[in-house]
Amino acid sequence: MGIAITMQSVTFLLYPHMLTSSLTLPLEMLNAADNFARAQSSPGARKRSKLRIHLASQQGQAIETQVGLKLQPNQSIETLTSTDLLIIPGFWRSPFKHINEYQSLITAIQQFIHSNPDMLICAVGTGILFLAEAGILNGKAATTHWFYSEQMKKRYPQINWQKDHLITQSNTIYCTSSVNSTADLTIRFIELGFTRTIAKQVESQFSPEIRKNYDNQLFNDHLNQQHADELIAHAQALIQQRYNETINFEALAKSVNINYRTFQRRFKRACEMSPLQYQQVLRIDNAKNLLRETNLTIQEVAGIVGFIDASHFSALFKRQTSQSPKDYRLAVKMKLFRPY
């Protein structure tokens, strides 16, 4: 958490035998975020530049996917000079059958990454194979699709495999285990590259029922936390334990041996929000689980997560998710399968 990223250009790698949905879902989410951002520009303010989206293949060749869609790139990976985010889709079925076909593409990817050391990289599921073959992940944390995790571990023992985590981060390299966890990571990229409000708007449009807490999915190479402030990380853990209680933050600051003003400043610098806002995010995340998985009333959900006033809860819920609790529950329940 703790960083802001530039989000002016995104590149999707195209290759034969790719899983089409691992490209199309983040592509549509990022395009929606860009449309929201440009539509919400203040009158008279400089309009945000349109997000540049590159579809790059080896030598710019068109790619016919396993489902019969023909994708026409607008770049070749060999001539692309830079991008803010590179997304490598997963393979359709086994990645090992075709890896020998991609040695020249792996070399091109390796060269592109080395020439853009600050670029963010997201490898989806078995798409991690390109980074593993290039040696980019040696000594770094990674995850992959559960079905291939043992084979990956045997083939690449030099990688720090985290099969129990759906998302890993090692500096600027992110790996996800599935298309769904890629959707959750894309929401985080939107939050950091656009705004939290826009991220919530996009989240409400794309399958809110599968959204999981990003921090609970993430393994971070650096102390497995989103920042290096150990005292603030300890304070976060204490807030998580008591998220539905009334917390005296001055007393909390004292318990981690920081004066209150310093605590507030350091917490906001590390987490990009105040301690109270952090607690409210935890409350709303837990409320979403209850709305999704139980038939409790809105009033009961509000009380369980720590709100005395249900109207205050509803207002905060809508501010964070762009939906009322009732609308969120309806959106989720309508998508649940029930046998007749």
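Note that the structure is a prediction, hence the values are computed from the model and not measured.

Q: Quick one: what's the story with the packing of helix H5 (residues 179-193) against helix H6 (residues 196-205), residue by residue and with numbers?
A: The interhelical angle for the contact between H5 and H6, taken along N-to-C directions, is 150 degrees, at an axis separation of 7 Å. It follows from the interaxial angle that H5 and H6 lie roughly antiparallel. When the axes of H5 and H6 are compared, the crossing they make is right-handed. Two secondary-structure elements touch here, H5 through Ile-187, Ile-190 and Glu-191 and H6 through Arg-196, Ile-198, Ala-199, Val-202 and Glu-203. Looking at side-chain class alone, the contact of H5 with H6 contains five nonpolar, no polar and three charged residues.

Q: Residues and numbers for the packing of aromatic side chains, please.
A: Counted by the stated rule, this structure contains 15 aromatic pairs. For the pair Phe-263 and Phe-267, a centre-to-centre distance of 5.8 Å together with 65 degrees between the ring planes defines the contact as edge-to-face. Linking Phe-263 with Phe-267, this pair stays in helix H10 (residues 260-271), spanning four residues, or about one helical turn. Judged on exposure class, the residue Phe-263 and its partner Phe-267 are both buried. With 5.6 Å between their ring centres and 70 degrees between their planes, Phe-267 and Tyr-278 make a pair best called edge-to-face. Taken as a pair, Phe-267 in helix H10 and Tyr-278 in helix H11 (residues 275-293) lie far apart in primary sequence, 11 residues in all. Of the residues examined, Phe-267 reaches a relative accessible area of 0% and is grouped as buried. We classify Tyr-278 as buried; its relative accessible area is 5%. These aromatic residues form a ring-pair network of at least three members: Tyr-15, Phe-91, Tyr-102 and Phe-130. Stacked on the ring of Phe-307, the Lys or Arg Arg-283 has its end atom at 5.0 Å from the ring centre.

Parameters at a glance
- Residues numbered from 1 in each chain as written.
- Predicted model: local features only at pLDDT ≥ 70, side-chain atom pairs only at ≥ 80, totals over all residues.
- Heavy atoms only, no water.
- Axes fitted to C-alpha atoms, helices over the stretch in contact; angles between N-to-C directions.
- Helix = DSSP H or I, 4+ residues; strand = E, 2+ residues; numbered from the N terminus.
- Parallel < 35°, antiparallel > 145°, perpendicular 65-115°, else oblique.
- Left-handed = near helix turned anticlockwise from the far one by under 90°.
- Contact = heavy atoms within 4.5 Å.
- Nonpolar A, V, L, I, M, F, W, Y, C, P; charged D, E, K, R; others polar.
- Phe/Tyr/Trp six-rings, centres within 6.5 Å; stacked < 30°, edge-to-face > 60°.
- Buried < 20%, exposed > 50% of the residue type's maximum accessible area, 1.4 Å probe, protein only.
- Lys NZ or Arg CZ within 6 Å of the ring centre and 35° of its normal.

Don't take any of this as a statement about function, it's just geometry.
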